[in-house]
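# Overview (structure and organization)
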Amino acid sequence: ANEISQGSALLAKNLGETKANQISTYFSTESNAVIDLAFNDYTIKSLEDFDGQFSELTSSNAEFIKQNREKVLKFYNDEFGSTYTKKTESRIQVESLVDKMDAESLIAQADFIATNPNPLGKKDLLLSAARESGYNSVHKKYHTFFRDYLNRHSLYDLFLVNTEGRIIYSVFKETDFATSLKSGPWAHTSLSKAFEGFLKLSAGQVHIEDFAPYTPSYEAPASFASTPVYKNGKIVGGIIIPLPM
């Protein structure tokens, strides 16, 4: 019995070490993937281009903003909210989320989420929005590159974030797309902490934010890896990737 007990303990120890090694390898692999991307000249140029055009999405036309808000709110009610209830068996106050979105967020989400003909979970299939804009032109230029990169590395999603905490691009266009991580609906989440984390790093370093329930993913636990993007010694933004449980 003693030999069996010792054997079980040894097996458990070996399994524990194996699991720890697997986890370490996983995080190392994901970290290398995001670091490589951050040093890619094409990534740096895309971040600058997305950032330059994103601010152009704003409008002083109150009626236009209202129309976009209505489109976004309808999507949150009909698609996101109903799916959230099915997955979590609880309701979410979608209007309070939309109320925290500024004009840029509303317009971008209307263009790439609410009027995106692809179903929830497949919004990444849209290359070009129906409404033309400078941002749309940039999206057509870079989206295939990032989508292919995501698929090659089996990543869940990929975010480009500027130094002000704006998610200026994401592959899958979930409800965090185009929002501000400082003042938007997902401020004070693990994603916003991943943004704050990369601001403190040097080039080639990675911040790992611990697992926590994440509302845009229907409260599924998610961790985030983030790294800064530098150009000529100056930080111009960062990359964040979710690490699902």
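Residues numbered from 1 in each chain as written. Predicted model: local features only at pLDDT ≥ 70, side-chain atom pairs only at ≥ 80, totals over all residues. Heavy atoms only, no water.

## Concerning the pattern of salt bridges
Where charged atoms of side chains with opposite charge meet at close range, the side chains can pair. Evaluation of the coordinates by the stated rule reveals 11 salt bridges. E79 is the partner of K123 in a salt bridge, and the nearest nitrogen-oxygen pair spans 4.0 Å. Pair noted here: K123 is in the loop between α5 (103–114) and α6 (134–152) and E79 is in helix α3 (residues 62–88), with a separation of 44 residues, a long-range link. For R131, the salt bridge goes to D111, with nearest N and O atoms at 2.8 Å. Placement of the pair is R131 in the loop between α5 and α6 and D111 in helix α5, with a sequence separation of 20 residues. With a relative accessible area of 30%, R131 lands in the partly exposed category. (Salt bridge = Lys/Arg side-chain N within 4 Å of Asp/Glu carboxyl O. Helix = DSSP H or I, 4+ residues; strand = E, 2+ residues; numbered from the N terminus. Buried < 20%, exposed > 50% of the residue type's maximum accessible area, 1.4 Å probe, protein only.)

## Considerations on the confidence of the model for the protein
Overall, the prediction assigns the protein a mean pLDDT of 90, with 87% of residues at 70 or greater. Contacts from residues 1–8, a stretch scored under 50 in pLDDT, to residues over four places away or in other chains number 0 contacts. (pLDDT = per-residue confidence, 0-100. Contact = heavy atoms within 4.5 Å.)

## Comments concerning unusual backbone geometry
If you check the backbone angles, A178 has positive phi at about 70° while not being a glycine. The exposure class assigned to A178 is buried, which follows from its relative accessible area of 0%. Of note in the backbone geometry, N232 takes a positive phi value of approximately 55° without being a glycine. With respect to the helices, strands and loops of the structure, N232 is situated in the loop between β4 (220–231) and β5 (234–244). With a relative accessible area of 77%, N232 lands in the exposed category.

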